[in-house]
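# Tertiary structure, described
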Amino acid sequence: MQLIDGKAVADRIKQEIAQEVADICNAGGKRPHLAAVLVGHDGGSETYVAHKVKACEQCGFKSTLVRYESDVTEEELLRKVDELNNDPDIDGFIVQLPLPKHISEQKVIEAIDYRKDVDGFHPVNVGRMSIGLPCFVSATPAGIMELLARYNIETKGKHCVVLGRSNIVGKPVATLMMQKTYPGNATVTVCHSATPNIKEICRTADIIIAALGSPEFVTADMVKEGAVIIDVGTTRVPDATKKSGFKLTGDVKFSEVAPLCSYITPVPGGVGPMTIVSLMRNTLLAGKKAIYQ
């Protein structure tokens, strides 16, 4: 069993990005600029955004954090999105999800200029991804594909089972695994809450990508010998032994599943760091106008 070290891969990619940014700036080019909009004080969102700001520093980017209280109106938030769309210094920006209930996430996503949509959530980017055109690929799926590539994991002709059908992970990663590229070229089955025989389906999988947000859902009796396991889940589970009072738990029961696998990602330290670094890579592409002029 080989552990897939997402943190080590992410650190290496950040160094590669930082070098490219230094070269751009030394040649008189513009330093990439990422903005993040944070609404309210959701614990998970605060942590993610803090990580993103730190990653910007490591990559040599300029970063701007825009904060609003959770009672901000949808109209005011959409005005800020429009302002960021029209700010020539900002190459890409994200509006951190989830948003308060009174704000339509879909309306906000669609208001973002797809050429600055480094989260890859805009329908234009999602549509282009689905037919294999250059686009901003959403960060977690992009990070998963990068891990498979960096570990030279064979995907062609393999049976990949994706657990979960969210717009942020399940659907896009299933689409990417089907593309005629590497990583990809897999036969993909998507399972979700309405799928009967999930255990039986998982047992036929060469690769399982677990993105349900259901702690320790995948158990040893669902995994065949030699399978590759990518665990996307990160759920805060109460743990009195931790200073924070919780621990991050994946969708896979690591202790019993790991001995069966050829490769497995840990939680934390697997897919998580790759999500942040994929956002950095999208920002670099936006700064270089590599996808859209």
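What counts as what
- Residues numbered from 1 in each chain as written.
- Predicted model: local features only at pLDDT ≥ 70, side-chain atom pairs only at ≥ 80, totals over all residues.
- Heavy atoms only, no water.
- 1 Å grid on protein atoms, 1.4 Å probe; cavity = no way out; pocket = protein on both sides within 12 Å on 5 of 7 lines; lining within 4 Å.
- Points joined across faces, edges and corners; volume = space filled by probe spheres on them.
- Helix = DSSP H or I, 4+ residues; strand = E, 2+ residues; numbered from the N terminus.
- Nonpolar A, V, L, I, M, F, W, Y, C, P; charged D, E, K, R; others polar.
- Phe/Tyr/Trp six-rings, centres within 6.5 Å; stacked < 30°, edge-to-face > 60°.
- Buried < 20%, exposed > 50% of the residue type's maximum accessible area, 1.4 Å probe, protein only.
- Lys NZ or Arg CZ within 6 Å of the ring centre and 35° of its normal.
- Core = buried A, V, L, I, M, F, W, Y, C linked by side-chain atoms within 4.5 Å.
- Pairing = 2+ DSSP bridges.

## What about the layout of surface pockets?
In this structure, the second largest pocket spans a volume of roughly 500 Å³. Cys135, Val137, Ala142, Met145 and Leu176 are, among the 21 residues lining the second largest pocket, the residues nearest its centre. Among the elements of the structure, helix 6 (139-150) and helix 10 (271-287) are those that each provide at least two residues to the lining of the second largest pocket. Within the lining of the second largest pocket, the residues separate by chemical class into 14 nonpolar, five polar and two charged.

## Side note on the packing of aromatic side chains
Considering all chains together, one arrives at three aromatic pairs under this definition. Centre to centre, the rings of Tyr114 and Tyr292 are 5.0 Å apart; their planes meet at 90°, and the pair counts as edge-to-face. Residue Tyr114 is found in the loop between helix 4 (105-111) and helix 5 (123-130), and its partner Tyr292 is found in the segment after helix 10; the two are separated by 178 residues along the sequence. By relative accessible area, which is 10% here, Tyr292 ends up buried. Ring centres of Phe136 and Tyr292 lie 5.7 Å apart, and the angle between their planes is 70°; on these two criteria the pair is classed as edge-to-face. One end of the pair, Phe136, is in the loop between helix 5 and helix 6; the other, Tyr292, is in the segment after helix 10, and 156 residues separate them in sequence. Following the ring pairs from residue to residue traces out a cluster consisting of Tyr114, Phe136 and Tyr292. Stacked on the ring of Tyr114, the Lys or Arg Arg115 has its end atom at 5.7 Å from the ring centre.

## A short note on the nonpolar core
By size, the foremost hydrophobic cluster in this structure holds 50 residues, and its most contacted members are Ile144, Ile209, Ile230 and Met280. If you tally residues by element for this core, the top one is helix 10, at eight residues.

## Topic: the sheet that holds strand 11 (residues 263-264)
Overall, parallel pairing links the six strands, which are arranged 1-11-8-7-5-6 in an open sheet. Of all the strands in the sheet, the pair left with one neighbour each is strand 1 (2-3) and strand 6 (187-191). Here strand 5 (residues 159-163) runs beside strand 7 (residues 207-210); their pairing, made up of four bridges, is parallel. The residue bridging Val162 from the neighbouring strand is Ile209, located in strand 7.

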